[in-house]
Amino acid sequence: MKPAAFEYHRVFTAAEAVELLGELDEDAKVLAGGQSLAPMMNFRLARPSALVDVNGVRELDYIRRDGDALRIGALTRHRTIETSTDAALHDGFAVLPRAAKHIGHYPIRTRGTMGGSIAHSDPSAEWCLIALLLDAEIVTLGPDGSRVTAAADWFTGFMTTSIEPGEIVTEVRFPRPRGNAALTEYAQRRGDFAICSAAVAYDDVDGVITNPAVVLGGVASEPFRSAELDAVAADRPAESATFRAVARAAAELIDPPSDLHGDASYRRSLAATMIERAFAEATGTGDRP
């Protein structure tokens with residue numbers, strides 16, 4: 001199919017994008033990589049009255065280290081993160097380029113952007129899981145200026161976020177390195193959206209897990225993280241018995257949906273398996289993609 005008629009506007013600064021969005025009606029959409037929006041428009045699941053193309057906003061394409069924090073511009077492509085050899089990225093944030101390898105197919109990774117994925121907020125999207133896992137901050141720019149939202153407050157439901165009208169995502173900040181971190185997922189075919197995915201991170205203090213985080217995708221209307229589940233791993237040895245305990249706890253805690261890809265019982269089992277694999281990879285004992 002073809003999309004419904006729309007106006008097309010191209011901008012070259014973030015401020016220009018915000019100004020234009022303020023002039024257009026509320027149905028206007030921002031076009032970055034377009035890897036989610038364009039197919040939805042073609043199937044007429046989305047019918048924006050206007051598109052504001054931000055691909056010319058080069059100021060939003062960067063990977064920078066700011067002390068311990070890592071800052072990634074909203075227009076940074078998945079492929080850029082996947083292939084970067086920058087020490088700023090690999091020193092404590094190597095989970096990002098490893099996770100990028102899971103995103104769609106090669107053409108998608110060359111066009112899609114981190115900011116677009118975070119804004120689209122698919123509950124199976126790799127960057128959404130990673131943002132919640134690493135306690136990221138989402139930076140937006142709107143009519144009232146810049147605003148920072150914790151990832152825990154950003155995802156509010158199925159493909160919905162706390163972004164305000166007229167705002168655009170400008171940056172994703174990861175506050176501190178997490179050397180022991182990994183993301184694993186299962187899809188029927190490589191490049192498909194994951195049926196279930198798991199991401200884990202922790203600090204290792206003499207072989208003991210501290211500050212753990214466990215995030216699941218594909219089991220709820222948004223990326224799933226629970227303090228109760230994190231607590232199961234806390235202050236326990238970084239070993240297979242602990243990983244199995246967390247996996248069992250997750251299977252009991254989640255209430256996943258049933259669909260054509262599998263029922264709730266299947267997703268619980270899959271989530272447990274993905275958690276064990278993610279912990280093994282984060283510990284260095286599992287295979288890395």
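Shown above is the structure to which this text applies.
Residues numbered from 1 in each chain as written. Predicted model: local features only at pLDDT ≥ 70, side-chain atom pairs only at ≥ 80, totals over all residues. Heavy atoms only, no water.

**Here we look at the side chain of Thr149**
Put simply, the rule is: In DSSP terms, a helix is any run of H or I states spanning at least four residues, a strand is any run of E spanning at least two, and both are numbered starting from the N terminus. Summary of the burial criterion: residues with accessible area below 20% of their type's maximum are buried, those above 50% are exposed, and those between are partly exposed, where the area comes from a 1.4 Å probe applied to protein chains only. Pairs of N or O atoms are called polar contacts if they sit within 3.5 Å, as long as, within protein, a hydrogen donor faces a hydrogen acceptor (for residues adjacent in sequence, only side-chain-to-side-chain pairs). Residue contacts are counted whenever heavy atoms from the two residues lie within 4.5 Å of one another.
Summarising the element assignment, Thr149 is placed in strand E7 (residues 145-150). The class of Thr149 is buried, set by a relative accessible area of 7%. Within polar-contact distance, the side chain of Thr149 engages the side chain of Arg147 at 3.2 Å. Not counting chain neighbours up to four residues away, the residues in contact with Thr149 comprise Ala136, Glu137, Ile138, Trp154 and Ser162.

**With respect to the sheet that holds strand E2 (residues 29-31)**
Each strand in a sheet pairs with another by means of backbone hydrogen bonds, the pair being arranged parallel or else antiparallel. Here is the rule we go by: Strand pairing is assigned whenever DSSP identifies at least 2 bridges connecting the two strands. Only the stretch in contact is used when a helix axis is fitted, and all axes are lines through C-alpha atoms; the angle between N-to-C directions ranges over 0 to 180 degrees.
Spatial ordering of the open sheet is given by E1-E3-E2, a layout of 3 strands whose pairing is parallel. Among the strands making up the open sheet, the edge pair consists of strand E1 (7-10) and E2. On average, adjacent strands in this sheet sit at an angle of 30 degrees to one another, irrespective of strand direction. Strand direction decides the pairing type here: E2 and strand E3 (residues 50-53), joined by 3 bridges, are parallel. Within the sheet, the bridge partner assigned to Leu31 lies in E3 and is Asp53. Packed on one face of the sheet, helix H1 (residues 14-23) meets E1, E2 and E3 and runs near 170 degrees to E3.

**Comments concerning the packing of helix H11 (residues 240-253) against helix H12 (residues 264-283)**
A pair of packed helices can be characterised by two numbers: the angle between their axes and the separation between those axes. The criterion, for reference: Angles below 35 degrees are treated as roughly parallel, those above 145 as roughly antiparallel, those between 65 and 115 as roughly perpendicular, and all remaining angles as oblique. Left-handed describes a crossing in which the near helix is turned anticlockwise from the far one by less than a right angle; the clockwise case is right-handed.
H12 packs onto H11 with a crossing angle of 150 degrees between their chain directions and a minimal axis gap of 8 Å. Between H11 and H12, the interaxial angle falls into the category roughly antiparallel. As H11 runs across H12, the sense of the crossing is right-handed. Note on element contacts: H12 touches H11 through Arg268, Ala272, Ile275, Glu276, Phe279, Ala280 and Thr283, opposite Phe243, Arg244, Val246, Ala247, Ala250 and Ala251.

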